Amino acid sequence: MTRNDPTSADDSSDTDSTRSRRAFLGGASALGAVALAGCTGGGDDTGSETTATETMTEMMTTTAEETTTDETTTEAPTDPDVPVLNYALTLEHLENAFYREGLNEFADDELMGADALSSFGEEVRMDVPAYLQTVGDHEAAHVEAITATVEELGGDPVPEGEYDFGYETPSEFLATAKALENTGVAAYAGAAPKVVSNDVLAAAAGIHSVEARHASFLNFVNSDSPYPNAVDEAKSVEKVLEIAGQFVTSEVDPSVYETNPPEERATPDRKADDDTSDVDVLNYALTLEHLENAFYREGMEEFSDDELMGADALSSFADDVRMKVPGHLQTVGDHEAAHVDALAATVEKLGGTPVEEAEYDFGYETPSEFLGVAKALENTGVAAYKGAAPTVSNDEVFSAAIGIHSVEARHASFLNELNLSSPFPKAVDEPKTMAEVKEIAGQFIVQQ
């Protein structure tokens, strides 16, 4: 029985038969005024540099052209998103250098033999080096894409610095990777509300969720929950630079990250008047969360822990992985239930009427089919939140939605691995429109 190679360009393609399957398992802020604090939980890989660069720079072409001054202007003004992009670029430089140096430092055998992985079976350990290389490739792609975008916008990209990551063993390398990836998730969440251009925002959201997929994987190999909270927290620029500063040995000029005061900044594109209100977007998200909540609630009632652990899809996985499946699926379900409660309460606070849960037919008959549908739903959720984020005007709602977006990506990473697909198939996650997502969800709705 074979599985997909982490660097395969097609989820359906087979790999060399000597490559075994393995599993990837593991295991809030407020939404509007609704607290989620305490809601904690116990492929294809086309993520090439071309993918990320094309995604960001092509999306940014229009914006860059719009900010260019006429022929009589001697100096073009700096685009308001350049400081935010340089902040992201600083972090991507850090991560890129980290993986580049670490993967040169340690051989595949050393990584597979890391003490941190001693409790995992061979199926997990043997694929760690390839996945780490893919993560490193993603970070390099992010550096190229953000650098090109800053230049398109008339800014000066911050250069790579000098670093001392402090690790001496493969296990220490894995622990530092975990810290960096989770910090990256929090950094993008904190910076996203400051972005003016929807083009920049859409691309940044796609990188944000990929960072969350990376973090989910690194949490897992460090024996922590892939998705510790129902909503990922955001960190301020100051806090993130404090964390990053532990590894930076060269001079850093924080002034390059400074944006104008809120009253002097351009109005974000997402605040533009359109036909889609925040209540509309929240009810759209609530429709998906109702779907996912019902899916896990019904599935966990349908199948016992033993049935889930014995699923055919998990037949080649080691006991140490399979025994964690029921608990981690239950945590995902708990997160979806928390999202439903928070979204419904927020819709009411904004004067709207929350959509009701529908009746569904998910079509699965076996535990393996249940796992397959779960993968499809979680990845659709990632694309849905990314597509809708630029239409949310309320800053509190937007910030919390971004926090849910990355948690959905953590879930998707987990379910991808469980279904023998890459946890992070692309360097930048792609969006889906409301119409596309509703068409997918409609396959499971039998009565609205």
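The coordinates are above.
Predicted model, so just to flag it, every value in this text is computed and none were measured.

**A look at the nonpolar core**
- By size, the foremost hydrophobic cluster in this structure holds 108 residues, and its most contacted members are Tyr99, Leu132, Phe165, Phe295, Leu329, Phe362 and Phe370.
- Those residues in contact with Leu329, other than ones at most four positions away along the chain, are Tyr227, Tyr296, Met300, Leu308, Phe370, Leu371, Phe414 and Leu415.
- Of all hydrophobic cores here, the second largest spans 6 residues; its members include Val185, Ala215, Val382 and Ala409.

**Considering the pattern of salt bridges**
- For the structure on display, the rule yields 10 salt bridges.
- Residues Arg410 and Asp232 are paired through a salt bridge, measuring 3.0 Å at the closest nitrogen-oxygen approach. Of this pair, Arg410 sits in helix α14 (residues 395-418) while Asp232 is found in the loop between α7 (198-221) and α8 (237-244), placing the two residues 178 residues apart along the sequence. In terms of burial, Arg410 and Asp232 fall into one category: buried.
- Two residues, Asp395 and Arg270, come together in a salt bridge whose shortest N-O distance is 2.5 Å. Taken as a pair, Asp395 in helix α14 and Arg270 in the loop between α8 and α9 (278-302) lie far apart in primary sequence, 125 residues in all.
- Overall, Asp395 belongs to the partly exposed group, its relative accessible area being 35%.

**A closer look at the packing of α9 against helix α12 (residues 325-349)**
- Following both chains from N to C, one finds α9 and α12 inclined at 150°, their axes separated by 8 Å at the closest point. Here α9 is positioned roughly antiparallel relative to α12, judged by the angle of their axes. Seen from above, α9 lies across α12 with left-handed handedness.
- Looking at the contact of α9 with α12 residue by residue, the class counts come to 14 nonpolar, 7 polar and 3 charged.

Basis of the calculations
Residues numbered from 1 in each chain as written. Predicted model: local features only at pLDDT ≥ 70, side-chain atom pairs only at ≥ 80, totals over all residues. Heavy atoms only, no water. Core = buried A, V, L, I, M, F, W, Y, C linked by side-chain atoms within 4.5 Å. Buried < 20%, exposed > 50% of the residue type's maximum accessible area, 1.4 Å probe, protein only. Contact = heavy atoms within 4.5 Å. Salt bridge = Lys/Arg side-chain N within 4 Å of Asp/Glu carboxyl O. Helix = DSSP H or I, 4+ residues; strand = E, 2+ residues; numbered from the N terminus. Axes fitted to C-alpha atoms, helices over the stretch in contact; angles between N-to-C directions. Parallel < 35°, antiparallel > 145°, perpendicular 65-115°, else oblique. Left-handed = near helix turned anticlockwise from the far one by under 90°. Nonpolar A, V, L, I, M, F, W, Y, C, P; charged D, E, K, R; others polar.

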